[in-house]
Amino acid sequence: MRPDSPAPVRLEEYRPPAYRISTVDLDIRLAPRAAKVRARLALERAPGTVPGTPLVLDGDELRLTALSLDGRALADTDCTITPDRLEIASPPAGPFTLEIETVLDPDANTKLMGLYRSNGTYCTQCEAEGFRRITYFLDRPDCLAVYTTRIEARVSEAPVLLGNGNPVESGPVPGTDRHYAVWHDPHPKPAYLFAMVAGDLACVRDSFRTCEGRDVALNIYVEHGNEGACGWAMDSLKRSMVWDEEVFGRAYDLDVFNIVAVSDFNMGAMENKGLNIFNDKYVLARPETATDQDYAGIETVIAHEYFHNWTGNRITCRDWFQLCLKEGLTVFRDQEFSADMRSRAVKRIADVRLLKSHQFPEDAGPLAHPVRPRLYHEINNFYTATVYEKGAEVVRMLKSLIGDAAFRAGMDLYFRRHDGEATTIEAFLACFQEASGLDLDQFSLWYEQAGTPVLKVDSSYENEAGRLTLTFRQHLPPSPGQSEKKPMHIPVRFGLMGADGRELVPGGVAGAEVTGDVLHIRSPQQTVVFSGLTERAVPSVLRGFSAPVSLKTDLSEADLLFLAANDKDPFNRWEALQSVVMTTLIAATAGTARQDPVAISPALIAAFAANVADDTLEPAFRALCLHLPGEADIAREIGHNVDPDAIHAARGAIRRAVADDIAPEILATYEAMRDGATFSPDARSAGRRALRNTLLDYLGHGSDPAGAARVQAHFEAADNMTDRFAALTVLIHADLPGRAEALAAYEARYHAVPLAMDKWFMAQATAPSGATLDRVRDLTGHPAFSPANPNRVRALVGAFASGNQSQFNRPDGAGFTFVADFARDLDRRNPQAAARMMSAFRSWRALEPGRRAHAEAALRHLAAEGDLSADMRDIVERCLQ
């Protein structure tokens with residue numbers, strides 16, 4: 001790291017705060033360029049604090065206008081004040097009150113942290129360390145206080161005034177054109193959960209009665225004209241509330257639950273107590289403008305933020321190293337909710353695909369870190385797939401190891417014991433160890449060790465003895481700061497398949513502890529013997545993806561295709577087919593470099609044909625089985641000296657071969673999935689569209705010239721965004737006739753709908769064409785694009801960097817240079833967005849030497865810059881380590 005880089009924060013250096021804040025009274029008087037914030041803090045020394053210990057409060061670019069202690073103005077000699085720090089050398093021995101007045105400029109706050117304005121609406125974002133941009137404070141998650149907030153603004157500018165908790169009073173400010181509202185949150189919370197919103201907003205209202213008899217007012221606030229796009233979000237919220245009561249016994253605890261949708265937001269949403277602030281992408285949905293994926297995303301994110309009320313708000317994390325305690329656990333909860341609302345098998349496959357495409361590369365590169373990191377330079381850069389998605393997998397493994405009943409008992413104990421606290425992973429695990437009696441010491445390594453374990457499984461069957469032997473070998477590769485790793489406690493869910501597709505039950509299992517159908521693999525090498533079998537068994541291991549590992553088996557293609565057709569576990573049925581396809585794609589990639597013809601086995605073609613025609617399977621499941629692994633997935637499996645152009649060519653050739661070889665089956669099923677019913681976002685209808693649009697992609701990329709006409713007709717006949725966007729993407733990515741006309745028609749239709757235009761940008765940014773980079777450059781000047789809006793940036797430049805393997809990784813390095821330069825400019829405005837964009841460089845060392853050199857040059861050019869933000873410098877320098 002550079003000498004001027006921020007000092008790292010280390011877990012082992014954690015100390016409780018020297019002072020406590022019991023209550024916070026805020027008076028916020030809003031104005032676009034000069035908002036005045038008066039904070040009255042009730043403080044006292046924490047037990048054990050040495051008298052005379054200075055009080056140090058955090059700030060960030062603050063302008064102080066007044067400061068008093070117990071009603072007495074403090075002189076310069078009493079304290080040290082900078083924009084980033086306030087220190088009082090000798091606070092009183094007993095309780096005292098500190099009053100702080102700051103002046104903020106919401107219009108100029110392009111970082112979208114603290115208090116800012118989005119399309120004229122005042123709003124806040126305080127996680128992780130944004131509250132210090134509002135007032136000086138002990139801005140850390142273990143400082144819990146009760147907040148009362150008075151908000152004042154001009155009536156014409158902000159008729160709606162919202163805060164945390166319950167409304168207390170409101171009214172006009174006599175003699176002015178202003179009004180006020182007071183909100184009180186009775187539940188102690190850390191500063192990162194503070195929120196306020198003020199603006200001219202429309203409201204969609206509903207209500208909910210909890211299982212405890214509390215009547216809760218439900219409100220979704222949106223920009224005027226968007227009221228009709230809130231129905232699905234409200235429905236998702238009410239279903240989330242019912243589900244959390246039924247599955248986890250958790251009821252809502254305030255009189256109101258408010259959601260506000262804003263267009264300028266760095267993240268997906270924020271779980272502020274009683275006042276969730278959302279990126280409008282995860283609230284607004286109409287069939288005309290939102291895809292099935294958008295509807296599913298809204299359902300998931302609405303649920304996620306609501307579930308945080310208990311796992312994140314009522315119980316929060318002691319420090320930011322424990323971030324996975326609220327995020328990983330809550331992702332697990334939202335995944336379970338979505339599985340219950342839709343198809344559990346399809347949801348599980350979708351979650352694992354996301355994990356493998358986002359988190360596995362993170363684990364394999366320079367940005368790898370444990371689920372609970374022990375060191376960070378900038379906490380904003382640890383809102384990662386490792387903390388969220390892998391963190392959820394750790395909770396899922398815990399449930400697999402101890403069983404459903406013990407898991408529920410452990411959760412109940414966790415809620416009883418730690419309600420109202422800021423706690424730790426150790427305290428969380430202790431509840432489950434107590435509830436189950438299982439020693440979780442080795443299991444806790446999942447929180448401590450970075451990287452994806454490689455689990456190799458070799459099998460042998462002794463016919464005369466009726467014995468199947470599985471030898472498990474686990475290895476966890478080195479990662480930054482961790483060269484030596486200990487063996488993990490891996491739950492392996494298993495089944496044994498007989499020749500006729502029946503599940504075989506062994507007479508005995510030796511060599512591993514077994515809980516139900518879960519093997520406990522604990523050693524670097526472990527041999528498990530299944531005895532008492534009457535025929536050869538094909539092992540189905542890691543069912544349901546019971547652990548986030550890279551599984552390597554010695555099963556033949558015939559065995560894998562047998563599992564793909566017969567396995568009783570839907571996930572492993574999908575995974576077996578994907579394994580055969582991945583092996584074929586890797587071989588085709590190597591052959592492309594040698595200019596060999598692409599080879600795909602007749603048995604694999606037959607498996608695809610059978611899947612297309614099998615009406616006994618869910619359409620959504622069939623769509624997933626037909627979806628080829630993405631180019632980034634193939635690159636991850638190759639692992640080194642990656643040539644993205646060869647991968648792209650090989651994948652295209654395999655897709656074309658499948659499309660041509662089973663064209664009649666594809667076309668017949670495509671027509672059979674046609675649905676003339678009114679659009680519905682339900683799982684069944686969405687599954688039929690998913691299968692039909694997957695088949696459309698094959699038709700568009702096949703050799704039959706008629707495919708282009710079908711894709712164009714699909715686009716023109718579409719009565720919903722799911723079908724329209726699917727056809728547009730195929731037209732662009734396959735470079736079909738009608739492409740330009742479809743783009744123009746789409747733009748004319750949706751030019752005034754920002755979220756729909758994001759799809760237009762994305763389809764073009766991810767096109768695998770040599771002209772794409774120039775097109776992306778041109779689109780940065782399009783009237784619908786704004787570098788100030790994170791959604792627009794993600795849709796265009798972010799999609800190019802993370803979703804276009806061949807063009808971002810161009811052999812001339814131009815893709816790297818463009819993204820690095822754009823991120824550099826963005827860093828001056830929005831460091832968080834810029835740093836997240838640069839994570840696209842995480843796998844640069846896996847590229848072939850020429851591309852690798854270009855990527856390194858782009859990173860080193862950035863590293864030499866003298867004025868990078870802390871967020872950006874952290875990512876760049878870690879990529880170069």
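Structure shown above.
Everything in this summary refers to the structure shown in the same document. These numbers were taken from a predicted model, which means no experiment stands behind them. (Residues numbered from 1 in each chain as written. Predicted model: local features only at pLDDT ≥ 70, side-chain atom pairs only at ≥ 80, totals over all residues. Heavy atoms only, no water.)

### Overview of the side chain of T772
Heads up, the rule is: Under the DSSP-based scheme used, a helix requires at least four consecutive residues in state H or I and a strand at least two consecutive residues in state E, with every element numbered from the N terminus. The rule is simple: take the accessible area with a 1.4 Å probe, protein chains only, and divide by the maximum for that residue type; under 20% is buried, over 50% is exposed, in between is partly exposed. Side-chain atoms alone can form a polar contact between residues adjacent in sequence; in general such a contact is a pair of N or O atoms within 3.5 Å, and within protein one must be able to donate a hydrogen while the other accepts it. Whether two residues are in contact is decided by their heavy atoms, any of which lying within 4.5 Å being enough.
The residue T772 is located in helix α21 (residues 772-779) in this model. You can call T772 buried: its relative accessible area is 3%. A polar contact is formed between the side chain of T772 and the backbone oxygen of A767, at a distance of 2.6 Å. Aside from chain neighbours lying at most four places away, what touches T772 is Q764, A765, A767, F800, N804 and Q807.

### A look at unusual backbone geometry
Backbone torsion omega between E127 and A128 reads 10°, so that peptide bond is classified as cis. One can find A128 in the loop between β11 (121-125) and β12 (145-154). Backbone geometry places Q595, a non-glycine residue, at a positive phi of 65°. Along the chain, Q595 falls in the loop between α10 (570-593) and α11 (602-613).

### Regarding the packing of aromatic side chains
Quick note on the threshold: Only centres within 6.5 Å qualify two rings of Phe, Tyr or Trp (six-membered ring in Trp) as a pair; their planes then separate them into stacked at under 30 degrees, edge-to-face at over 60, and tilted for everything else. Note on criteria: charge over ring means Lys NZ or Arg CZ within 6 Å of the ring centre, with the direction from the centre no more than 35 degrees off the ring normal.
Tallied over the entire structure, the rule returns 40 aromatic pairs. Measuring from centroid to centroid gives 4.9 Å for F131 and F137, while their planes differ by 80°, and the two rings are edge-to-face. Of note, R250 hangs over the ring of W310, and the distance from its end group to the ring centre comes to 4.6 Å. The ring of Y14 is capped by R318, whose NZ or CZ atom sits 3.8 Å from the centre of that ring.

### Re the sheet that holds strand β10 (residues 114-118)
Keep this limit in mind: Two strands form a pair only when DSSP identifies at least two bridges running between them. A fitted line through C-alpha atoms represents every axis, and for helices the fit uses only the stretch in contact; the resulting angles, taken between N-to-C directions, go from 0 to 180 degrees.
Sheet architecture is open: four strands sit in the order β10-β11-β16-β13, paired in antiparallel fashion. Of all strands in the sheet, those bounded by a partner on one side alone are β10 and β13 (160-163). Between one strand axis and the next, the sheet turns by 20° as a mean value, whatever way the strands run. Relative to strand β16 (residues 196-199), β11 runs antiparallel, the two being bridged by two bridges. Counted as the bridge partner of Y122 is A198 from β16.

### Regarding the side chain of N789
Mapping N789 onto the fold places it in the loop between α21 and α22 (790-803). A distance of 3.1 Å separates the side chain of N789 from the backbone nitrogen of R792, its partner in a polar contact. Dropping the residues within four chain positions of it, N789 is found in contact with S263 and D264.

### A word on the nonpolar core
Which entries qualify depends on this criterion: To qualify as a nonpolar core, a set must consist of buried Ala, Val, Leu, Ile, Met, Phe, Trp, Tyr and Cys residues joined through side-chain atoms within 4.5 Å.
Membership of the largest hydrophobic core comes to 287 residues, with the highest contact counts inside it found for L30, L98, V283, F428 and F841. Not counting residues up to four positions away in its chain, the partners in contact with V283 are I220, V222, A229, C230, A233, I259, A261, F278 and I298.

### Observations regarding the pattern of salt bridges
Threshold: Within this document, salt bridges are pairs made up of a side-chain nitrogen of Lys or Arg and a carboxyl oxygen of Asp or Glu, the two lying within 4 Å of each other.
A full pass over the atoms with the stated rule returns 82 salt bridges. K326 is paired through a salt bridge with E271; the nearest N and O atoms lie 2.7 Å apart. Placement of the pair is K326 in helix α3 (residues 323-341) and E271 in the loop between β20 (269-270) and β21 (275-279), with a sequence separation of 55 residues. Comparing K326 with E271, the two get one shared label, buried. The partner of R636 in a salt bridge is E637, and the shortest N-O contact between them spans 3.5 Å. Residue E637 is classed as partly exposed on the basis of its relative accessible area of 29%. Through salt bridges with shared partners, one network takes in D27, R29, R150, E152 and R178.

### Here's the deal with helix α13 (residues 631-638)
E631, D633, I634, A635 and R636 are the residues of α13 that are buried. Its buried side turned inward, α13 meets α4 (344-364), α10, α14 (644-661) and α23 (805-808). One or two steps after α13, the chain reaches G639, where phi turns positive at roughly 90°.

### What about the packing of α3 against helix α5 (residues 385-402)?
Stated precisely, the cut-off is as follows: Roughly parallel refers to an angle under 35 degrees, roughly antiparallel to one over 145, roughly perpendicular to one between 65 and 115, and oblique to any angle outside these ranges. Residues were grouped as follows: Ala, Val, Leu, Ile, Met, Phe, Trp, Tyr, Cys and Pro as nonpolar; Asp, Glu, Lys and Arg as charged; and all remaining residues, including Gly, as polar.
For the pair α3 and α5, the least separation of the axes is 7 Å and the interaxial angle reads 70°. Taken as axis vectors, α3 and α5 run roughly perpendicular relative to one another. In contact with L323, C324, E327, G328, L329, V331, F332, Q335 and E336 of α3, α5 contributes V387, Y388, G391, A392, E393, V395, R396 and K399. Classifying every residue of the contact of α3 with α5 gives nine nonpolar, three polar and five charged.

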